[in-house]
Number of protein chains: 2
Amino acid sequence: MATIKDVARKAGVGVGTVSRVLNGTGPVSPETRRAVLAAVEALGYMPSTTARAMVTKRTQTVGVLLPDIQNPFFPMVARGVEDACRQAGYTVILLSTDWDRERELSAAALLRRQGADGAVLVSVGDAAGVHAILGARGAPVVVVDRAAPGLAVSQLSVDHYRGEYEAVRWVRSRGHRRVGFLAGPAGVDSAELRLQAFLDAMEWDPADPGLPVARAGYGFEGGQRAAAELLDRFPDLTCLVAANDLSALGALSWLARQGRRVPDDIGVVGFDDILLASLVHPALTTVRQPAYAMGYRAAELLLQALKDPGRGPVQETLRPELVIRDSC
Amino acid sequence: MATIKDVARKAGVGVGTVSRVLNGTGPVSPETRRAVLAAVEALGYMPSTTARAMVTKRTQTVGVLLPDIQNPFFPMVARGVEDACRQAGYTVILLSTDWDRERELSAAALLRRQGADGAVLVSVGDAAGVHAILGARGAPVVVVDRAAPGLAVSQLSVDHYRGEYEAVRWVRSRGHRRVGFLAGPAGVDSAELRLQAFLDAMEWDPADPGLPVARAGYGFEGGQRAAAELLDRFPDLTCLVAANDLSALGALSWLARQGRRVPDDIGVVGFDDILLASLVHPALTTVRQPAYAMGYRAAELLLQALKDPGRGPVQETLRPELVIRDSC
DNA sequence: ATGAAAGCGCTAACAA
DNA sequence: TTGTTAGCGCTTTCAT
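Residues numbered from 1 in each chain as written. Chains lettered and ligands numbered in written order. Predicted model: local features only at pLDDT ≥ 70, side-chain atom pairs only at ≥ 80, totals over all residues. Heavy atoms only, no water.

With an unreviewed UniProt entry as reference, chain A is termed Ribose operon repressor, source organism Candidatus Hydrogenisulfobacillus filiaventi.

So, in structure tokens, the structure goes:
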């Protein structure tokens, strides 16, 4: 591997000069520049990001912490982040936390060790812990798709409560009164918000022990299981509202297997609007979150914070959109 | 951020000693070790991977190049790689190439700049190019899920041809004679192999212009489109064989929309055995590729090559397994 | 406009 | 067993 020294020697200049032409910092005469560029070309020289990071204290990498790379929603967020970062010359380290708080923390520690300049976080619960770890290095964090109340980090999310509330009101307006809910993972902000919105929109008492609510946990299989459980306990449900699309899809699959027609026998509603939602049959009625755009915007926020660390954290809330299709 | 110097000062020892206790290289007296560890603890010291990389020439990171992070098969491979790497203390940089040869190459260049020690590659076509780029830095590459004929890199793949061949023979044994094929992306090794196997198993002439074959390209939507096209041109098909599960799922969804019963009216067969395949209704008959295990094994091969660069590339071929479910 | 030199935080070789 | 020191490849003053 050629180094900057080799280039300098070949071009007959000092290393400082090479650095200057490569980074466009400081004045260089046209002929010198040409000579340097020629040497770079001839040697196939590529500056070492490691050495550069050593002196600049910047690695030009940002981390993305996601709960579950198997749920299409998250990769979509990741792509948004990656596209924005790549454009700005940043590399992305993608880490999956598997819905595990421990792993979320150890992933943050890994990012810190790797010298990540910042991180985009879809937290599974301990946003504060992540912020503490990365903040020690002065690395900004932006939390996406969740609220991180009281944390001095930028936040970007849809209004989960409002999205679910509107969806459920719409379900009710269709005449449904016996509606079951497939809840997301306990302790996860978005999941709790959607559950609360469901309860409120149904005007049900959260303390009531006989509520048609089952934990599905955002997964396809969880959706299948929870649908089975719910319809076993409440056979007369006319609609199932799932906390996200993947579990709604699970419910759909279980219903199909049981020979129950959707939406004629029973309605199903999701949340997220992942690609599959519009493609399955019947197409899923759901609440749209702009995953890619959110990832992209989150990265922009992060890059901004990196560029001028002075500005305080911002907080953006997007309005989710009810997408009415065929499943309810 | 505390540095090794701070630790040394606080512990009243030289930096060399600190390095020795942290890396377990060279002898240290128990008391010194204790003092150093205490200082590390007190200062919350974390060694800079950057500085370390600077001298060791190893970044302890490996890249994973995947065609499409939206297809569940690839994230599953990625998880296998990540788990194996994390265990060995390596960080993974996950890059999506979007079925684009250009991006595959630029991703490789990025890995090289980042100083990745090696890479796991699910190539979209230019494995040789990637190898050339990374090889210049002495970074080994292992190609997964594809053959890279003539390339001096380790390779790990299922026998796509055999898997598809057996699947199609089984389809025929069920009495199907008019069978359509939803082909994968052109120029991609696994896709070409499966197509060839299909043709051979059907004992059809590849040159025949009237073959019931349509490009679906490994995506869900492609599967829907190709199924529609195929059944439009060949209404009497009794079975659809898709080059992968995602496109098979697309076909399934289109068929459901058309009110065609699977498998009664028409059979569907996939390839991959992604999680969804067993969960949809009807459950998909498919050819299983052990995605996670392949990723894990590929990482092992890579780590091995990193540990002792002397050994030449190895080549492992797994036997795919026909999984008979309900769709055919 | 350009070269020389200091130093980023660490490891490894060498002395002691 | 331990401290000191020379770089790793780069950016960034500081002279010139």
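Caption draft 1: Just the overall build of chain A, in detail. Helix and strand counts for chain A stand at 13 helices and 12 strands. Taken over the C-alpha trace, chain A has a radius of gyration of 25 Å; the compact-globule value for 328 residues is 20 Å, which it surpasses by more than 25%. Across its three principal directions, the C-alpha atoms of chain A cover 85 × 40 × 30 Å. Counting only residues that meet the buried cut, chain A has 54% of its 328 residues in that class. Considering only intrachain contacts with a sequence separation of at least 6, the fraction spanning at least 24 residues in chain A is 68%. Total accessible area on chain A is roughly 13300 Å²; 51% of this is exposed by carbon and sulfur atoms. (Helix = DSSP H or I, 4+ residues; strand = E, 2+ residues; numbered from the N terminus. Rg over C-alpha atoms; globule rule 2.2 N^0.38 Å. Buried < 20%, exposed > 50% of the residue type's maximum accessible area, 1.4 Å probe, protein only. Contact = heavy atoms within 4.5 Å. Areas by Shrake-Rupley, 256 points an atom, 1.4 Å probe, with all protein chains shown as cover.)

Caption draft 2: Up close: the state of the cysteines. Summed over all chains, the structure comprises 0 disulfides over all chains. Cys328 of chain B forms no disulfide, and the closest cysteine sulfur to it belongs to Cys239 of chain B, at a distance of 3.8 Å. (Disulfide = S-S within 2.5 Å.)

Caption draft 3: Focus on the protein's contact with DNA strand C. The local shell around DNA strand C holds 27 residues, among which Thr17, Thr32 and Lys57 of chain A together with Ile4 and Tyr45 of chain B are the closest. When the atoms of DNA strand C within 4 Å of the protein are sorted by group, sugar and phosphate make up 67%. Between Thr32 of chain A and DNA strand C, the recorded distance is 2.4 Å, taken from a side-chain N or O atom to a phosphate oxygen. Within the contact set of DNA strand C, a sugar or linking oxygen lies 2.4 Å away from a side-chain nitrogen or oxygen of Lys57 of chain A. Looking at the surface near DNA strand C, the elements that each hand over two or more residues are helix 2 (15-23) and helix 4 (49-56) of chain A together with helix 2 (15-23) and helix 4 (49-56) of chain B. A total of 5 residues in the surface near DNA strand C trace back to one element, the largest contributor, which is helix 4 of chain B. Here the surface near DNA strand C is composed, by residue class, of 12 nonpolar, 11 polar and 4 charged. (Near = heavy atom within 4 Å. Polar contact = N/O pair within 3.5 Å; in protein donor to acceptor, adjacent residues only side chain to side chain. Nonpolar A, V, L, I, M, F, W, Y, C, P; charged D, E, K, R; others polar.)

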